[in-house]
Each structure stands twice: as C-alpha cells, then as structure tokens.
Amino acid sequence: MEFFIGHYNYWVVIILMMVGLYTVISRGNLVKKIIGLNIFQVSVFFLYISLGTVEGGAAPIIAEGVKVYSNPLPHVLILTAIVVGVATTALALALVVRIKETYGTIEEDEIHNLDHSL
Amino acid sequence: MRKLTGLLFAGGLGFMLLAIASGLDFGSPPMRIGEAIQSASPQEVGAANIVTSVVLGYRGIDTLGELAILFAAASAAGLVLGRRHTTTGTQRKGGFVLFHGGALIFPFLLTIGFYIIFHGHLTPGGGFQGGVILAAAFFLPLLARPGARLHHSILSVIEAFAGASFILIGLAALGEGQAFLQPMLNQDTLGALISAGTLPLLYIAVGLKVGAELASLLSNLAQTESEQ
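These figures come from a predicted structure and were not determined experimentally. (Residues numbered from 1 in each chain as written. Chains lettered and ligands numbered in written order. Predicted model: local features only at pLDDT ≥ 70, side-chain atom pairs only at ≥ 80, totals over all residues. Heavy atoms only, no water.)

Some remarks on the overall build of chain B
Step number 1: The number of helices and strands found in chain B is eight helices and zero strands.
Step number 2: Taking all 228 residues of chain B together, the buried fraction comes to 42%.
Step number 3: At a minimum sequence separation of 6, the contacts of chain B that also span at least 24 residues come to 74%.
Step number 4: Total accessible area on chain B is roughly 11,900 Å²; 71% of this is exposed by carbon and sulfur atoms. (Helix = DSSP H or I, 4+ residues; strand = E, 2+ residues; numbered from the N terminus. Buried < 20%, exposed > 50% of the residue type's maximum accessible area, 1.4 Å probe, protein only. Contact = heavy atoms within 4.5 Å. Areas by Shrake-Rupley, 256 points an atom, 1.4 Å probe, with all protein chains shown as cover.)

What to know about the nonpolar core
Step number 1: In terms of nonpolar packing, the biggest core is built from 42 residues, with B:Val55, B:Phe128, B:Phe166 and B:Val210 touching the most fellow members.
Step number 2: It is helix H8 (residues 199-227) of chain B that provides the largest number of residues to this core, a total of 10 residues.
Step number 3: Excluding residues within four positions of it along the chain, B:Val210 makes contact with A:Val83, B:Leu67, B:Leu70, B:Phe128, B:Gly131 and B:Val132.
Step number 4: Among the nonpolar cores identified, the runner-up in size contains nine residues, and A:Tyr10, A:Val13, A:Leu21 and B:Ala21 belong to it. (Core = buried A, V, L, I, M, F, W, Y, C linked by side-chain atoms within 4.5 Å.)

Considerations on the UniProt feature "transmembrane region" (unreviewed entry) in chain A
Step number 1: Under the feature "transmembrane region" (unreviewed entry), the UniProt entry names residues 6-25, 37-63 and 75-97 of chain A.
Step number 2: Between the end C-alpha atoms of residues 6-25 of chain A there is a gap of 31 Å, over a span that is 95% helix and 0% strand. (UniProt positions renumbered as here; feature names shortened; annotations may be inferred.)

Side note on the pattern of salt bridges
Step number 1: Taken as a whole and assessed by the stated rule, the structure comprises five salt bridges over all chains.
Step number 2: Taking the shortest distance from any N to any O, the salt bridge between A:Glu101 and A:Arg98 comes out at 3.6 Å. Here A:Arg98 and A:Glu101 lie together in helix H4 (residues 72-103), a separation of three residues that amounts to about one turn.
Step number 3: Its salt-bridge partner being B:Lys209, residue B:Glu159 comes within 3.9 Å of it at the nearest N-O pair. Here B:Glu159, found in helix H7 (residues 152-175), pairs with B:Lys209, found in helix H8; they are 50 residues apart in sequence, far enough to count as distant.
Step number 4: Its relative accessible area of 12% is what places B:Glu159 among the buried residues.
Step number 5: Look at the salt bridges and you will find they share partners, linking B:Glu159, B:Lys209 and B:Glu213 into a network. (Salt bridge = Lys/Arg side-chain N within 4 Å of Asp/Glu carboxyl O.)

Right under this line is the structure:
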C-alpha cells in the first residue's frame, strides 16, 4: 500500500498519458485531437518534474540554510518545452482553421470521404 | 471499432508503463549531473536561480534553438493564416466590465511581466514566463475591443531586435576569447539584482522575443475569428 502511495505521481502521469493517447486515436474531430495531444504533453511535463524530485529538496534557488535542492535539469527542459508547446498548439489550430475553410468540416472521416483517400 | 482498438492499445501501453514506473524510485533521482551543476554553478555563473544558470549559461545555445523553434512556429502560423482583413461590427463589443477591466489591469500586467523578467536570475521566473505575461497584457485589449489591431510592424521590430541582441551578446563572449554565449562579467555578489553578468540581459532579450511572438500569434488567431 505504501508503495502505491509513494509512487502516485507516476500513476497520475500514466493515466493522463493514456487519456491523451486514447483521445488522439479515437476522436475524429481535429480540435479534440489537439486537446488530446495537449493532455499527453502535460503528462510528459509532469513525468519530467517528478523524476527531478529529491526527497526533502527545495526549489533549485540558492538560499541561506538550504542544504538539499531538487534536480534543476528537468525544470530547464520543461520550462522551454511549455513555451514551445503553446506555439505548436497555435500552429495546429491555425491549420485547423484553414482545413475548415477548405473542406467545410473538421471531422477526419468526412475529409477522407471528400478526398476519396480511404 | 477504432474506439475499441484505441482502448486496447492505450490499455496495453499503460500496463507496460506501469510495470516500468513501479521499478523507478520516487524522490531519489538516479541522475548525478544535477548535484554537479548545483555545486559548480554559483562560482561559474553567479546566478542564484540554478535553473537560470542552466538555461542561459550551460545550455545557452539550446535556448537559442528553442527561440528558433518558437520563431518558426509563429511565422508558420502567420503564413498558414495569411493576411486577414478585420471586419469591425461582425463581433459584439466586450461589455463595460471587460472594456474597463482590461484598461485597468494593463499597467499591472506590464509591471509584473517586466518584474518577472528582471528577477529571472534571482526568483522562479524569467524571460519565458514574463514574456507570456507581456503577451497577455497586449492581447487583453483585443478581447475587449474586437476591432482593435496590434501593430505587427512594431512587434516584428521588437522581435528582430531581441533576437539579434541575444546573438550579439553571445558573439561578444566570442570576442573576449571565450565560448559562444558563455556568461561574462560576474564579479558581483550572489543574489543581488545586478549580478550574474550578461544573464539578465539575455533574459530580457528572451522575454521581449517571447512576448512579441506570442502576441502576434494570438492576434493572428483573433483576427481570423473576427472575420467569420
């Protein structure tokens, strides 16, 4: 039981990751697919930050009287990944806007039907 | 059918990840490089915030790459959306509260954005976070007044200036006979506002670039909406 409580960050990460993956696979709506990708992305952020945790460690900012700090490297990677994630989401939404203008729909099946590509 | 296979795939992958994760220790990371950076960075870089000293000191060229990705995404979104003609009147104006609340909160957002950028080497925060707040400050008036436009020419001048100054600071280190983007001039006390040499300057450049790029991205999307 203690094992399950001690690792709860990982369980949350895996649940979020699978929710995101399932949304990307099962939904035909392109906006819902982007939402699924974002949920998946957040789970990766959470996984990195969890891996950097040090037992009893403070935030990695040098201060008087603090001996143990968390690992700063995952924080750095995720700091830039969040901003890039926002930019790529905006690009994906821009593409969806153009698809809507061209095809008149954002459902994947209907786009395939219009293109005769399936 | 697709839902069933998707559920099976996600379930199986989740079970595999569970098996891997249960072998990972929580709270005692196997990575030793973090400790090495913590003990070396105060002397080598001089920033109280270790995250900042890694972002701009040890991995400065990586941050330049991230800025390039951000620039590519912003310009690709602009390219995909094309030139839009804003038609006023198709969208309802924001109400009294949104209109005046936006005007009231604008200077505070600007102040807190610049505060976070300037204290990036001392406190949690920095150019990326402060830049997003600056972008929000300039985007808020667009929500209140749908017809209003951001001046894209001014934004691109700010963005170009910030990107160029980031690279010029990096080249200045080369001129001093050091590596590209290596931090310089850090003979100040740890934790003071003016310390850590060129790091705050680099973070100001990052903040202005992120702010300008996100503001132009958001205004592109907002103008698209107001057309339809």
